[in-house]
Amino acid sequence: MLLGEKIPLTLRLSARARRMKLRVEANRSVTLILPQGLSPSEGLSFIRQEQDWLCRNLSATQKPVLFEPGAEIPVYGEPHRIIHTPEKRGVVSRKNGEIHVSGDAAHVPRRLKDWAYREIRKTVTEKVDRHTQKLQVMRGRISIRDQKSRWGSCSSAGNLNFSWRLFFMPDLVIEYITAHEVAHLVHLDHSKDFWKVTHLLCSEVEIAKQWLKRQGASVHKYSVTR
């Protein structure tokens, strides 16, 4: 318990780490990196010693915004209010700055997240296919995941992975991220040639990169549960 709330803790064993290290994540969870040979109890002692540091850093992060009626979340960068409408048919609909979620109130968070997954999958697939057609390259499968450290990735087999949290980002940022990963289908590096291809596919690379630098971490505060 820190700052009057329960803070999720993840313990990660590392063969490369030489000393214990704490990291406050964007979603206000804490990761403890523990070198091999040290016990979890030693890690907990370390956390108690660093409690003041943790409190300062947790205070600097934003509290989670839960998927619940009345909350405001961005959809493609535009603010939307979550409205529970149990009497309506269907599951989720979006109109005039509101997201209407039908069914039992207890199911609102999961239904909303499932809908967000479907929406961003459709958007990402449309953009990726447009980019690949322009380059005349083939892609592998597209996966939408709850990635913590990457907005997207491209495997050597041509499979593309994207974070579902692109759902919260402005269209120009999604355009850049999809262009970035499709460019890796041509150059699996970050060479000058890679960036030429990225700029060919997306005209607002620098604007998108600045948005990610300044506001990218903020999308991690939106959560189904605490």
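Just above sits the structure.
Below you will find a few notes about this structure. (Residues numbered from 1 in each chain as written. Predicted model: local features only at pLDDT ≥ 70, side-chain atom pairs only at ≥ 80, totals over all residues. Heavy atoms only, no water.)

The subject of this paragraph is the pairing of strand E6 (residues 78-84). Pairing of strand E5 (residues 72-75) with E6, which is carried by four bridges, proceeds in the antiparallel orientation. Residue pairing across strands places Glu72 opposite Arg81, the latter belonging to E6. Linking E5 back to E6 in an antiparallel pair, the connection comprises two residues, with Tyr76 at a positive phi of about 55°. Taken together, the four bridges between E6 and strand E8 (residues 98-101) define a ladder with parallel strand orientation. By the bridge assignment for E8, Ile83 is matched with His100. (Pairing = 2+ DSSP bridges. Helix = DSSP H or I, 4+ residues; strand = E, 2+ residues; numbered from the N terminus.)

Let us now look at the sheet that holds strand E11 (residues 160-163). What the three strands build is an open sheet, ordered E9-E11-E10; its pairing is mixed. The open sheet has two edge strands, strand E9 (142-145) and strand E10 (152-154), and neither has a second partner. With direction set aside, neighbouring strand axes in the sheet form an average angle of 15°. Summarising the sheet, E9 and E11 pair through four bridges and their orientation is parallel. Across the sheet, Ile144 pairs through a bridge with Phe162, a residue of E11. Sheet strands in contact with helix H3 (residues 108-135) are E9 and E11, and its direction is about 145° off that of E9. Against the sheet, helix H4 (residues 171-183) engages E10 and E11, with an angle of about 155° to E11. (Axes fitted to C-alpha atoms, helices over the stretch in contact; angles between N-to-C directions. Contact = heavy atoms within 4.5 Å.)

Helical geometry note: an α-helix holds 3.6 residues per turn, so side chains three or four residues apart project in the same direction. With 13 residues, H4 should cover 18 Å at 1.5 Å per step; its first-to-last C-alpha distance of 18 Å lies within 8% of that length. The buried count for H4 comes to 11 of 13 residues, which makes it a mostly enclosed element. Contacts made by the buried residues of H4 are with H3, E10, E11, helix H5 (192-201) and helix H6 (205-215). (Expected span 1.5 Å × (residues − 1). Buried < 20%, exposed > 50% of the residue type's maximum accessible area, 1.4 Å probe, protein only.)

Let's shift gears to the sheet that holds E8. Taken together, the four strands give an open sheet; going across it, the order is E5-E6-E8-E7, and neighbouring strands pair in mixed fashion. Among the strands making up the open sheet, the edge pair consists of E5 and strand E7 (92-95). If you compare each strand with its neighbour and ignore which way they point, the axes differ by 35° on average. Contacting E5, E6, E7 and E8, H3 runs over the sheet at an angle of about 120° to E8.

What follows covers the layout of surface pockets. Of the voids in this model, the second largest pocket is the one considered here, and its volume is about 250 Å³. Residue lining of the second largest pocket: 13 residues in total, with Glu25, Asn27, Ser29, Thr31 and Lys148 positioned closest to the centre. Looking at the lining of the second largest pocket, the element that brings in the most residues is strand E1 (residues 9-14), giving three residues. (1 Å grid on protein atoms, 1.4 Å probe; cavity = no way out; pocket = protein on both sides within 12 Å on 5 of 7 lines; lining within 4 Å. Points joined across faces, edges and corners; volume = space filled by probe spheres on them.)

Burial of nonpolar side chains together is a common tendency in soluble globular proteins. Counting 45 residues, the largest nonpolar core has Ile73, Leu112, Ile120, Phe162, Phe167 and Met169 as its most contacted members. For this core, the secondary-structure elements that each account for two or more residues are E5, E8, H3, E9, E11, H4, H5 and H6. If near-sequence neighbours (up to four positions away) are discounted, Ile73 is found in contact with Val65, Phe67, Glu78, Pro79, His80, Ile82, Ile99, Leu112, Phe167, Phe168 and Tyr222. (Core = buried A, V, L, I, M, F, W, Y, C linked by side-chain atoms within 4.5 Å.)

Summed over all chains, the structure comprises eight salt bridges. Close ionic contact of Glu25 with Arg23 constitutes a salt bridge, the shortest N to O distance being 2.9 Å. Judged by its relative accessible area of 22%, Glu25 falls in the partly exposed class. Here Arg23 falls in the partly exposed class, since its relative accessible area comes to 33%. Linking Lys127 and Glu175 is a salt bridge whose minimum nitrogen-to-oxygen distance equals 2.8 Å. A residue pair is termed long-range when its members are at least 10 positions apart, and Lys127 in helix H3 and Glu175 in helix H4 qualify at 48 residues. Accessibility expressed as a relative area gives 8% for Lys127, which makes it buried. (Salt bridge = Lys/Arg side-chain N within 4 Å of Asp/Glu carboxyl O.)

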